[in-house]
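Descriptive structure summary
So the chains spell out like this:
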Amino acid sequence: MKRTRADIEANHRLISRRAAILGGVQLVFMGGLAARMRHLQVNQADQFRLLAEENRIKFKLIPPARGEVFDRNGVQLAQNIPTYQIKIVREDAGDVEKVLTKLATVMELDAEVLERALTEIKRSAPFHPVTIADDVDWDDLSRVSVNAPALPGVAPEIGLSRVYPLGSDFAHVLGYVGPVSDYDLNRLDDPDELLRIPRFQIGKVGVEAKVETTLRGAAGTRQVEVNAAGREMRELGRREGRPGSDIQLSVDAELQNYVQARLSEESASAVVIDCETGDLVAIASAPTYDPNLFVRGISVADYSALTENKYRPLASKTVQGTYPPGSTFKMMTAMAALEEGLIEPEDTVRCPGHLEVADRKFHCWKRAGHGSVNLENSLKQSCDVYYYDLALKVGIEKISAMANIFGLGVRHDVPMSAVARGLTPTKAWKTTTHGKDWVIGDTVNASIGQGYMLSSPLQLAVMTARLATGRSVEPRLVKSIDGVEQPSGAGRPLPLDDDNLRKMRRAMFAVVNDRRGTAYGSRIIADGMRMAGKTGTSQVRNISAAERARGVIRNSDLPWERRDHALFVDFAPADNPKYAVAVVVEHGGGGSKAAAPIARDITLQALYGGPPPLSAYPSKDRGRIGAQQKKLRKMRPTAAFDGNDQA
């Protein structure tokens, strides 16, 4: 069919329209491509330049040096030592298992170490270095360095590790550090990036944990150039971090060493507090343990040996342990009565060996009774009936309130783990806690530190320091941080009558220095060094009426865990108090026999600043004390004995 001119023109118009549309599309496409190229090359140039730089430049954290810890005289208690480590970075290693297999042919790595390393690598960020081996010797380090080309991602490094040079002496005070765990991370809302570095060491318990952020410091960074294989070529820049602060504790290492040795054969604790400043110059629990075992991870066998020991060596008994204070509490009951004006010091109470209250007999420790006793004699001979009678006059609310003034039932602010509040019960407390009404028998028991009453050795030492000084002495464990002195614990005057405090001190002096006093056998005879104190024995079992009728079973005939706790508190010199001491011997029996002799020895050691002369002891004790000093000298390899030891 012949095409007409009109058909040809229509076809041309159609082709022209399609060409225009196609040209428009091409123009739009080219314009968009040009705009995108401009956006990438101009607007995002810096970002892509940074990405390119990151292919060859990496930033690495520089862990700060942990602050070190010293005693009050500058003796090092916790230090950092250089240690060689082998580390691996997952993103540089490629096939991690293959690299580890090769590494195991270069140095000895057991299956447990490799398995732990793999676990840590899988849960860590790809760029975080993971420690495979710690405390590596020079030979292994050299072999790893020589074989570096065959071990991508593996690098030897020098790090710092924590060491406790005095071992077990400060285990319960300092605690220890250990590798960061998932539990540690989960406790924090925004953990420091340092904590994500596998096996980074942080404080777990004690001062190490409670002052962690101060001791840790802040990380620095390194900017390094790496080649295509991920090897570091050179360091391009460095920003130094901030090392942790050094801490000086109030504790005297020499005295602490002596106290640990003196307590070593007991399940016991002792606290020595400076009455002038509140400084804790010794705070020891026995038995103890070596914190160095925990730094790199304790073995199952070592940990089981500690947890299965019935004497509980892991417990800081000085602050965690709470015990019925027994007769060491009687000063609180007496002070409550004196402050209320309910008694005079010469008022007497007759003790026939028991007091009947609400159809129940409350017995005195002395079955035959003490006869008529006044305030001083009641404390000197530790008559229970006298304080039962006071309790009926004063009431539990006033007794507990007085105990709080002296630091009992109060959680003291010291940087140690699980510091206990203890318990000074009230009527409302029993109703809330036990859903029962308070009864008069509860008050009678509380008056002699039994029943619901509970105190820690630290609290008993604070109580004694406050009795000795008349001030609200507060315990201080951290003396300075980076040389900056921390606030003193001297405290303000107590809101109490000074004359009443003097009466209590006089009675406590009689406890130790009067022939009829319960602690006369543990007196100090050196002029200017005599001490005032109070014995205590707290029951851990009920004594039935039938047993009383037959005769109370002696502690020595009972299983260890059913024996009474032995307690003693003192301050010295009595006329110018320098130190207050509290000793608790778990299941030790009577306070006068088990706790008072230990407290007397510790007090003399503190007063003399070292082994006291034998002339400070009664003549009958000197032979035994001389032999004891020789024995303790052998137990104290770190002790610097001077010429005072006359053994």
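Check the entry above for the structure.
Right, let's walk through the structure included here. In this text, all values refer to a predicted model and were calculated from it rather than measured experimentally.

What follows covers the overall build of the protein. What the protein contains, in helices and strands, is 24 helices and 21 strands. For the protein, the proportion of its 647 residues judged to be buried stands at 50%.

Attention shifts here to the state of the cysteines. According to the stated counting rule, one finds 0 disulfides in the structure shown. As a non-bridged cysteine, Cys-351 has Cys-383 as the owner of its nearest cysteine sulfur, 3.6 Å distant.

Locating Arg-162 in the fold gives a position in strand S5 (residues 154-163). For Arg-162, a relative accessible area of 2% puts it in the buried group. A polar atom in the side chain of Arg-162 sits 2.7 Å from the backbone oxygen of Gly-67. A polar contact is formed between the side chain of Arg-162 and the side chain of Asn-80, at a distance of 2.9 Å. Residue contacts for Arg-162: discarding those within four places in its chain leaves Arg-66, Gly-67, Glu-68, Val-69, Ala-78, Gln-79, Asn-80, Val-177, Gln-201, Glu-208, Leu-215 and Val-295.

This brings us to the pattern of salt bridges. On inspection of all chains with the given rule, the structure shows 30 salt bridges. Its salt-bridge partner being Glu-376, residue Arg-506 comes within 3.8 Å of it at the nearest N-O pair. Remark: Glu-376 occurs in helix H15 (residues 375-380) and Arg-506 occurs in helix H21 (residues 498-513); sequence separation between them is 130 residues. Residue classification places Arg-506 among the partly exposed positions, given a relative accessible area of 46%. A salt bridge links Glu-485 to Arg-476; its shortest N-O distance comes to 3.2 Å.

Right, let's get into the side chain of Glu-586. Relative to the assigned elements, Glu-586 resides in the loop between strand S21 (579-585) and helix H23 (591-608). On the accessibility criterion, Glu-586 (4% relative accessible area) is buried. Side chain to side chain, Glu-586 and Arg-312 meet in a polar contact 2.4 Å long. Look past the residues within four positions of Glu-586 in its chain and what remains in contact with it is Ser-267, Ala-268, Arg-312, Lys-317, Tyr-323, Trp-560 and His-565.

Think of an α-helix as 3.6 residues a turn; residues three or four steps apart then line up on the same face. Of all the 8 residues making up helix H19 (residues 440-447), 7 are buried; the element is thus mostly covered by neighbouring parts of the structure. Taken together, the buried positions of H19 are Gly-441, Asp-442, Thr-443, Val-444, Asn-445, Ala-446 and Ser-447. Contact partners of the buried residues in H19: helix H14 (330-339), strand S14 (354-357), strand S15 (360-363), helix H16 (384-394), helix H17 (396-405) and helix H18 (427-434). With its phi angle positive at about 75°, Gly-449 sits one or two positions after the end of H19.

On to the pairing of strand S17 (residues 478-481). Looking along a regular strand, one sees the side chains alternate between the two faces of the sheet. Here strand S10 (residues 247-249) pairs with S17 via 3 bridges, running antiparallel. Residue pairing in the sheet places Leu-249 in a bridge with Val-478 of S17. Here S17 pairs with strand S18 (residues 484-485) via 2 bridges, running antiparallel. Residue Ile-481 lies in a different strand from S18, and its bridge partner there is Val-484. Once S17 ends, the chain turns through 2 residues before running back antiparallel as S18, passing Asp-482 with a positive phi of about 50°.

What follows concerns the packing of H16 against H19. Between H16 and H19, whose axes approach to 8 Å, the crossing angle comes to 130°. Considered as vectors, H16 and H19 are oriented oblique to each other. In terms of crossing hand, the pair formed by H16 and H19 is right-handed. Here Tyr-387, Tyr-388, Ala-391 and Leu-392 of H16 come into contact with H19, specifically with Ile-440, Thr-443, Val-444 and Ser-447. Across the contact of H16 with H19, the residue classes break down as 6 nonpolar, 2 polar and no charged.

A few words on the sheet that holds strand S19 (residues 532-538). Spatial ordering of the open sheet is given by S12-S11-S21-S20-S19, a layout of 5 strands whose pairing is antiparallel. The open sheet is flanked by strand S12 (280-286) and S19, the only strands paired with a single partner. Taking the axes of each pair of neighbouring strands and ignoring which way they run, one obtains an average angle of 5° across the sheet. Here strand S11 (residues 268-274) pairs with S21 via 7 bridges, running antiparallel. The partner of Asp-274 across the bridge, within S21, is Tyr-579. Helix-sheet contacts for helix H11 (residues 253-263) involve S11 and S12, and the interaxial angle to S12 is about 25°.

A word on the nonpolar core. Among the nonpolar cores identified, the biggest contains 132 residues, and Leu-249 and Phe-406 are the most heavily contacted of them. For this core, the element with the most residues is H23, which contributes 9 residues. Filtering out sequence-adjacent residues up to four positions away, Leu-249 remains in contact with Val-69, Phe-70, Asp-71, Arg-72, Leu-77, Val-173, Leu-174, Val-207, Leu-477, Val-478 and Lys-479. Counting 22 residues, the second-largest nonpolar core is a separate cluster that includes Ile-88, Val-106, Ile-121 and Val-130.

The buried fraction of H11 amounts to 10 of the 11 residues, a majority that puts the element mostly inside the structure. All buried positions along H11 are accounted for by Ala-253, Leu-255, Gln-256, Asn-257, Tyr-258, Val-259, Gln-260, Ala-261, Arg-262 and Leu-263. Residues of H11 that are buried make contact with strand S3 (76-89), helix H7 (171-174), S11, S12, H23 and helix H24 (622-635). Among the residues of H11, the N-terminal cap falls to Asp-252, whose side-chain oxygen and the backbone nitrogen of Glu-254 are separated by 2.9 Å.

Within a pair of aromatic rings, the relevant descriptors are the distance that separates the centres and the angle that separates the planes. Applying the stated criterion to the full structure yields 10 aromatic pairs. Ring geometry for Tyr-311 versus Trp-560: centroids 4.7 Å apart, planes at 55°, classification tilted. Taken together, the residues Tyr-311 in the loop between helix H13 (300-307) and H14 and Trp-560 in the loop between helix H22 (545-550) and strand S20 (565-572) connect sequence positions 249 residues apart. Here Tyr-386 and Tyr-387 contribute two aromatic rings whose centre-to-centre distance is 5.1 Å and whose plane-to-plane angle is 70°, an arrangement assigned as edge-to-face. In this pair, the class of Tyr-386 matches that of Tyr-387, namely buried. Members of the aromatic cluster, each reached through a chain of ring pairs, are Tyr-176, Tyr-289, Phe-294 and Tyr-303.

This part covers unusual backbone geometry. Trans is the common state for peptide bonds, and a negative phi is the common state for residues other than glycine. Between Ala-286 and Pro-287 the backbone carries a cis peptide bond, its omega angle lying at -5°. Of note, Pro-287 is situated in the loop between S12 and helix H12 (292-295). Ala-572 connects to Pro-573 through a cis peptide bond whose omega is -15°. Backbone geometry at Asp-359 places phi at a positive 65°, although glycine is not the residue there. Structurally, Asp-359 is set in the loop between S14 and S15. The class for Asp-359 is exposed, based on a relative accessible area of 76%.

Scoring rules and cut-offs
- Residues numbered from 1 in each chain as written.
- Predicted model: local features only at pLDDT ≥ 70, side-chain atom pairs only at ≥ 80, totals over all residues.
- Heavy atoms only, no water.
- Helix = DSSP H or I, 4+ residues; strand = E, 2+ residues; numbered from the N terminus.
- Buried < 20%, exposed > 50% of the residue type's maximum accessible area, 1.4 Å probe, protein only.
- Disulfide = S-S within 2.5 Å.
- Polar contact = N/O pair within 3.5 Å; in protein donor to acceptor, adjacent residues only side chain to side chain.
- Contact = heavy atoms within 4.5 Å.
- Salt bridge = Lys/Arg side-chain N within 4 Å of Asp/Glu carboxyl O.
- Pairing = 2+ DSSP bridges.
- Axes fitted to C-alpha atoms, helices over the stretch in contact; angles between N-to-C directions.
- Parallel < 35°, antiparallel > 145°, perpendicular 65-115°, else oblique.
- Left-handed = near helix turned anticlockwise from the far one by under 90°.
- Nonpolar A, V, L, I, M, F, W, Y, C, P; charged D, E, K, R; others polar.
- Core = buried A, V, L, I, M, F, W, Y, C linked by side-chain atoms within 4.5 Å.
- Phe/Tyr/Trp six-rings, centres within 6.5 Å; stacked < 30°, edge-to-face > 60°.

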